[in-house]
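For reference, the chains in residue letters:
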Amino acid sequence: MDRRTFLASTVAAIVLPFGVLARELRTYSGPEVTRIVIYKGRRKMYLMHGAKVLKKYRIGIGGNPVGPKQFEGDSKTPEGSYIIDRRNPNSAFHLSLGISYPNQRDEAYAASMGRRPGGDIFIHGRAGENRGKGRDWTAGCISVSDRNIEKIYMMVQDGTQVDIFP
């Protein structure tokens, strides 16, 4: 059994919060996602294989969308280069992929201002109850529909490059 098949069978059986069983997650067997590119102003996220766009998604971002995340509680989505560094199949937001914010530069800037940079930035779903909150409603994360996070979760591996632009 390969890694993606194992992950799909494992995640499909996980019970999410509130007793909701995850839909059967489909194994992804296409080209490797080598990079995620996010354009905050366009509200678009692209899953890339080299220079080729594999998938494009509409996104929501932090409730204070203009400018990079700098401090804990600013409701901004980071800008810069990060990696996918963890995954949460039991996320309160259906499924989630962790982004390695803050990096050393983010931490140094926040410290120089006597503040904390914040953290726990994810690409995640809406978990049903967050529908209708508007386009930009997160505390700094990137949100997609629950169906789309299921696809993204299976396509993207830990260590994938994430570049977030204004």
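Residues numbered from 1 in each chain as written. Predicted model: local features only at pLDDT ≥ 70, side-chain atom pairs only at ≥ 80, totals over all residues. Heavy atoms only, no water.

Draft legend 1. Inspection of the confidence of the model for the protein chain at higher detail. For the protein chain, the mean per-residue pLDDT works out to 86, and 81% of the residues sit at or above 70. Segment residues 1–21 is flagged for pLDDT under 50; beyond a separation of four residues in sequence, or across chains, it makes 42 contacts in the model. (pLDDT = per-residue confidence, 0-100. Contact = heavy atoms within 4.5 Å.)

Draft legend 2. The arrangement of the packing of aromatic side chains in detail. Following the criterion strictly, the structure yields 5 aromatic pairs and no others. Seen in terms of ring centroids, Y82 and Y101 are 6.0 Å apart; in terms of plane orientation they differ by 65 degrees. Their pairing is edge-to-face. One end of the pair, Y82, is in strand β6 (residues 80–88); the other, Y101, is in the loop between β7 (96–99) and α2 (104–112), with 19 residues separating them in the sequence. One aromatic cluster is present, built from ring pairs that chain together Y39, Y46 and F165. A cation over a ring is seen here: R42 above Y39, with NZ or CZ 4.0 Å from the ring centre. Between the NZ or CZ atom of R115 and the centre of the ring of F71, over which it lies, the distance is 4.2 Å. (Phe/Tyr/Trp six-rings, centres within 6.5 Å; stacked < 30°, edge-to-face > 60°. Helix = DSSP H or I, 4+ residues; strand = E, 2+ residues; numbered from the N terminus. Lys NZ or Arg CZ within 6 Å of the ring centre and 35° of its normal.)

Draft legend 3. Inspection of α2 at higher detail. The opening residue of α2, the one whose side-chain oxygen lies 3.1 Å from the backbone nitrogen of R105, is N103. Where α2 terminates, the next one or two residues include G114, which has phi positive at roughly 70 degrees. (Polar contact = N/O pair within 3.5 Å; in protein donor to acceptor, adjacent residues only side chain to side chain.)

Draft legend 4. The arrangement of the sheet that holds strand β8 (residues 121–124) in detail. Strands sit in the order β5-β4-β3-β10-β6-β7-β8-β9 across an open sheet of 8 strands; the sheet is mixed. What marks the edges here is a single partner per strand, and that holds for β5 (52–58) and β9 (142–143). Note that strand β4 (residues 44–49) and β5 share 6 bridges and pair antiparallel. Along β5, the bridge assignment pairs L47 with K55. Running at roughly 150 degrees to β5, helix α3 (residues 146–155) makes contact with β4, β5, β6, β7 and β8 of the sheet. (Pairing = 2+ DSSP bridges. Axes fitted to C-alpha atoms, helices over the stretch in contact; angles between N-to-C directions.)

Draft legend 5. Expanded view of the pattern of salt bridges. Under the defined criterion, the tally for this structure stands at 8 salt bridges. Here E72 and R116 are joined by a salt bridge, their closest N and O atoms 3.1 Å apart. With E72 in the loop between β5 and β6 and R116 in the loop between α2 and β8, this pair connects stretches of sequence that are 44 residues apart. By relative accessible area, which is 43% here, E72 ends up partly exposed. A relative accessible area of 57% places R116 in the exposed class. Notably, a salt bridge pairs D120 with R86, separated by 3.7 Å at the nearest N-O pair. A residue pair is termed long-range when its members are at least 10 positions apart, and D120 in the loop between α2 and β8 and R86 in strand β6 qualify at 34 residues. For D120, a relative accessible area of 58% gives the class exposed. Overlapping salt bridges, with partners in common, bring together D85, R86 and D120 in one network. (Salt bridge = Lys/Arg side-chain N within 4 Å of Asp/Glu carboxyl O. Buried < 20%, exposed > 50% of the residue type's maximum accessible area, 1.4 Å probe, protein only.)

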